[in-house]
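Survey of secondary and tertiary structure
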Amino acid sequence: MKYETFKLLLPFVALGLCCGADWPQFRGPLTNNVATTDTPPTQVDQESIAWTADLEGRGASGPIIVGDKVFLTNTTGFRQDQLHVLCFDAKTGKQLWDRQFWATGRTQCHNKMCVATPTPASDGKRVFATFSSNDVVCLDLDGNLLWLRGLSHDYPNASNSLGMASSPIVVGETLIVPVENDDDSFTTGLDVKTGIARWRIKRPRVANWTSPAILKPAQGDETLVLLQSSEGVDAIYPETGETAWQYEQGAGRIPSTTVGDNTLYIPSNGLTALAPGSSSEPPKVLWQEQRLSPSTASPLVYQKKVFTVNRAGVLSCANPKDGELIWRLRLKGPFSATPIAAGNHLYLVNEKGLLQVVQIGEEEGKQTGEVDLKETILATPAIADNALFLRSDQHLWKVSSK
Amino acid sequence: MQQSRLLFCFLFVVGALTTVHADEVEQQIAKIKQVQKEGQGNQAASQAVQQLSQADAGALIPILKGFENANPLALNWLCGAFESVAAKSIQQKNLPKDKLEKFILDQSNNPRARRLAYETLIKVDPDASDRLIPGMINDPSVTLRRDAVQRLIDQAKELEEADKKSEAKQIYQQALTGATDADQVKAIVKPLRELGEKIDLQKHFGFLSDWMIVGPFDNSGKKGYDTVYPPEQQIDFSAGLEGKEGKVKWKSVNTEDDYGIFDIAKSISPYKGAVMYCAADFYSPGEQQLEIRLGTPNAWKIWVNGKLLFARNEYHRGMIMDQYSVPVTFQPGKNVILLKLCQNEQTENWAQRYQFQLRIARPSGTGVLSEKPEATTQLSK
């Protein structure tokens with residue numbers, strides 16, 4: 001980079017360092033669980049809780065952050081059929097607005113999850129909230145309704161009696177919404193401006209709780225979206241829904257594929273590392289390792305290492321080149337939330353609400369702090385404003401440096 | 001003076017330009033109500049809702065009135081517009097509280113619009129809850145009625161704890177008249193039974209308990225779901241049919257379960273890879289638009305008077321009361337309900353249930369009984 005160009009970019013770099021970046025969807029900006037510029041505290045205790053906001057009803061969706069606003073979904077009502085999109089001030093925790101809608105699809109769920117399980121997404125101008133009822137709501141950042149869809153209203157057999165959990169993602173002008181289940185199973189790409197489908201593709205008729213991931217190619221090629229199912233992973237073009245290539249060796253239906261350094265890490269045959277394919281070439285399996293099989297939480301690639309958490313709450317760190325185990329650390333589980341990473345640390349919150357921070361070492365992982373939020377937490381936290389944002393049914397917390 | 005006049009003129013012009021007039025409000029509501037499936041009408045509705053969101057508090061009641069006859073999608077668009085206007089009105093402290101309260105109390109208004117009005121009102125007037133809810137024990141709004149029932153349950157519990165059993169019993173009885181949600185009914189029935197009250201829950205909920213049943217037919221490889229077996233073509237209770245394990249005949253079965261569950265696996269046989277057909281009839285005094293409410297962990301299809309109403313090809317994803325609500329129009333007199341229930345061949349412990357429960361209810365959840373309670377026995381005659 002020339003010096004002159006660097007000078008021009010300097011203010012933006014400074015802005016990024018000082019204000020941090022948004023966390024616009026499930027598993028962050030690149031759907032890889034990693035914060036690019038923010039550094040939440042590495043030593044946490046009860047004093048690290050900057051603010052706590054009260055919530056009503058039920059919600060297992062993660063918070064997202066756009067600018068100085070935190071967006072969240074929840075539901076109220078005995079049948080969880082009143083769907084809410086909430087907005088909070090990221091600095092103070094003050095609730096700025098609450099908009100509610102009625103579920104137009106089924107709201108039956110397994111007791112552990114709830115109708116507000118999918119994490120919302122944003123393109124920086126709009127917030128897209130989806131629910132287990134397959135209602136899709138698009139609001140501007142001030143809470144004004146822009147459009148909505150009722151996908152189970154349109155396709156009545158698109159539902160899951162245990163509940164739908166897949167989170168949507170935004171790529172360019174398309175909102176990708178998975179509606180994969182045992183009966184009328186599909187994924188659709190909605191125009192972010194109108195909510196009208198650009199495409200709708202049939203998907204395997206098996207209940208699926210995984211969320212799409214973004215595959216940004218190293219150079220030149222188009223960005224692809226990875227759709228995981230019991231049959232494997234389909235890489236699709238976000239504008240058309242057409243398939244670019246497929247991995248067909250089967251995959252899990254709860255933890256989702258993660259991308260790191262242009263390699264896919266798929267919950268398949270334990271954990272499978274896959275080199276992406278192309279329209280002319282199939283993807284290539286690099287290695288498969290049973291010992292790295294993730295439980296509910298998705299795998300994570302960070303600092304040239306791959307991490308998974310198993311059923312027993314053991315965090316495994318492996319070499320992403322060959323899957324060889326480097327170290328293991330027993331944490332207090334079980335975990336539903338996916339680990340997230342920033343500043344050479346991993347942040348893991350277990351189902352009992354215990355946030356555990358782990359420093360990543362070359363030869364071992366070391367726990368540097370924990371804070372007990374004492375409530376059930378299933379939602380993957382978000383990182384922004386050099387802080388963590390976590391939610392339970394009852395509360396939204398900001399955890400930051402003192 | 002001159003400056004004041006200019007300022008007044010300026011404010012008048014700005015006001016005239018930004019205010020959404022009553023006829024415009026109605027026009028925007030009408031545009032929103034045009035939305036249909038697949039996002040049809042979304043663009044026009046989006047423009048309309050954005051304009052409507054700029055309206056003042058005077059638009060709130062017309063928007064709520066607009067819920068009448070709106071499809072579920074349009075209703076949500078109107079929710080969005082209402083909440084934007086209401087949030088602004090609350091901030092400007094000009095929410096029309098009296099009008100909202102009047103709207104809530106008028107049971108002819110749309111139940112969801114009334115609930116939205118209620119939740120908006122209590123944001124600025126929390127005491128409204130004490131004023132409005134106690135009178136709503138038999139309200140057509142499911143959610144308002146639920147709140148009223150809950151108050152009575154809490155009140156009865158307090159009386160029970162104070163050893164005022166007779167008063168508690170009376171309050172529980174009153175609560176039961178409005179309760180339709182299973183959790184509330186359970187919370188009422190347990191103490192009532194302990195207080196010596198006899199309660200027919202099947203009747204309370206409108207469960208069908210007497211069925212004619214035939215099978216098993218073959219569902220190996222889950223192929224039976226789409227296979228048309230003889231009961232789908234003709235219901236003839238005297239006919240012997242070729243089943244999966246030889247000749248099968250229709251037989252009469254009954255369940256005494258409080259929640260109308262008929263367990264095929266326990267009461268008949270734990271069939272695997274099987275299809276069973278269950279028939280019952282429902283007598284209606286006139287044409288009625290009601291709901292068939294079904295709970296089952298098995299794949300199913302349902303017909304009324306020979307017409308397929310809905311089908312669901314899902315196995316072992318749990319079972320709860322009112323798992324599926326299927327709208328139905330019953331004709332006057334006898335209506336024949338045919339349920340096809342499919343069991344797959346999964347071997348896991350959690351995949352062995354083969355059962356169902358079916359009731360007839362109003363959209364509000366209140367159970368509706370067949371005009372002849374002995375209805376299903378009519379089928380075998």
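Residues numbered from 1 in each chain as written. Chains lettered and ligands numbered in written order. Predicted model: local features only at pLDDT ≥ 70, side-chain atom pairs only at ≥ 80, totals over all residues.

**Quick look at the overall build of chain A**
Secondary structure summary: chain A contains two helices and 32 strands in total. Over its C-alpha trace chain A gives a radius of gyration of 20 Å, about what one expects of a compact globule, namely 21 Å for 402 residues. Counting only C-alpha atoms and orienting by the principal axes, one finds that chain A spans roughly 55 × 50 × 50 Å. Taking all 402 residues of chain A together, 57% fall into the buried category. Of all intrachain contacts in chain A linking residues separated by at least 6 positions in sequence, the fraction that spans at least 24 positions is 53%. (Helix = DSSP H or I, 4+ residues; strand = E, 2+ residues; numbered from the N terminus. Rg over C-alpha atoms; globule rule 2.2 N^0.38 Å. Buried ≥ 20, exposed ≤ 12 C-beta atoms within 10 Å, placed from the backbone. Contact = placed C-beta atoms within 7 Å.)

**Describing the interface of chain B and chain A**
Listed by partner, the interface residues are 31 residues for chain B and 31 residues for chain A. Elements with a minimum of two residues in the side of chain B that touches chain A: helix H3 (42–52), helix H5 (72–91) and helix H9 (142–161) of chain B. If you tally residues by element for the side of chain B that touches chain A, the top one is H5 of chain B, at 11 residues. When grouped by side-chain class, the residues that make up the side of chain B that touches chain A number nine nonpolar, 13 polar and nine charged. (Nonpolar A, V, L, I, M, F, W, Y, C, P; charged D, E, K, R; others polar.)

**What about the sheet that holds strand E5 (residues 95–102) of chain A?**
Residue and element names in this part refer to chain A. Spatially, E2-E3-E4-E5 is the arrangement adopted by the four strands of the open sheet, whose pairing is antiparallel. The two strands at the open ends of the sheet, each matched to only one other strand, are strand E2 (64–66) and E5. Taking each pair of neighbouring strands and ignoring which way they run, the sheet shows an average axis angle of 25°. Here E2 pairs with strand E3 (residues 69–76) via three bridges, running antiparallel. Following the sheet pairing, Ile-65 is matched in E3 by Val-70. (Pairing = 2+ DSSP bridges. Axes fitted to C-alpha atoms, helices over the stretch in contact; angles between N-to-C directions.)

**Considering the confidence of the model for chain B**
Atom-level detail of predicted coordinates should not be read off regions where pLDDT is low. All names here are of chain B. Summarising the model, chain B shows a mean pLDDT of 92, and 92% of its residues fall at 70 or more. Contacts from residues 375–381, a stretch scored under 50 in pLDDT, to residues over four places away or in other chains number 21 contacts. The ipTM for the predicted assembly is 0.92, set against a pTM of 0.91. (pLDDT = per-residue confidence, 0-100.)

**Observations regarding the domain arrangement of chain B**
In many analyses, interface size is given as the accessible surface area lost on bringing the parts together. Once the domains are mapped, chain B shows domain 1 (2–126), domain 2 (142–199) and domain 3 (205–379). A C-alpha centroid distance of 32 Å is found between domain 2 of chain B and domain 3 of chain B. (Domains from an automatic or database assignment.)

**Here's the deal with the sheet that holds strand E32 (residues 395–400) of chain A**
Residue and element names in this part refer to chain A. Sheet architecture is open: four strands sit in the order E1-E32-E31-E30, paired in antiparallel fashion. Each having just a single partner strand, strand E1 (49–54) and strand E30 (382–384) make up the two edges of the open sheet. For this sheet, the mean angle separating the axes of adjacent strands, direction not counted, is 20°. Sheet analysis places strand E31 (residues 387–391) next to E32, joined by five bridges and oriented antiparallel. Across the sheet, Leu-390 pairs through a bridge with Trp-397, a residue of E32.

**A word on the packing of helix H6 (residues 97–105) of chain B against helix H7 (residues 111–124) of chain B**
Residue and element names in this part refer to chain B. The contact between H6 and H7 brings their axes to 9 Å, and the two run at 145°. Between H6 and H7 lies a crossing of left-handed hand. Residues Lys-97, Leu-100, Glu-101, Phe-103 and Ile-104 of H6 lie in contact with H7, whose contacting residues are Arg-114, Ala-117, Tyr-118, Thr-120, Leu-121 and Val-124. (Left-handed = near helix turned anticlockwise from the far one by under 90°.)

**Re the packing of H5 of chain B against H7 of chain B**
Residues and elements named next belong to chain B. Interhelical geometry of H5 versus H7 gives an angle of 20° and a closest axis separation of 11 Å. By the criterion of interaxial angle, the relationship of H5 to H7 is roughly parallel. Classified by chirality, the crossing of H7 by H5 is right-handed. The residues of H7 that touch H5, namely those facing Leu-75, Cys-79, Phe-82, Ala-86 and Ile-90, are Arg-112, Leu-116, Thr-120, Lys-123 and Val-124. Its residues assigned to classes, the contact of H5 with H7 comprises seven nonpolar, one polar and two charged. (Parallel < 35°, antiparallel > 145°, perpendicular 65-115°, else oblique.)

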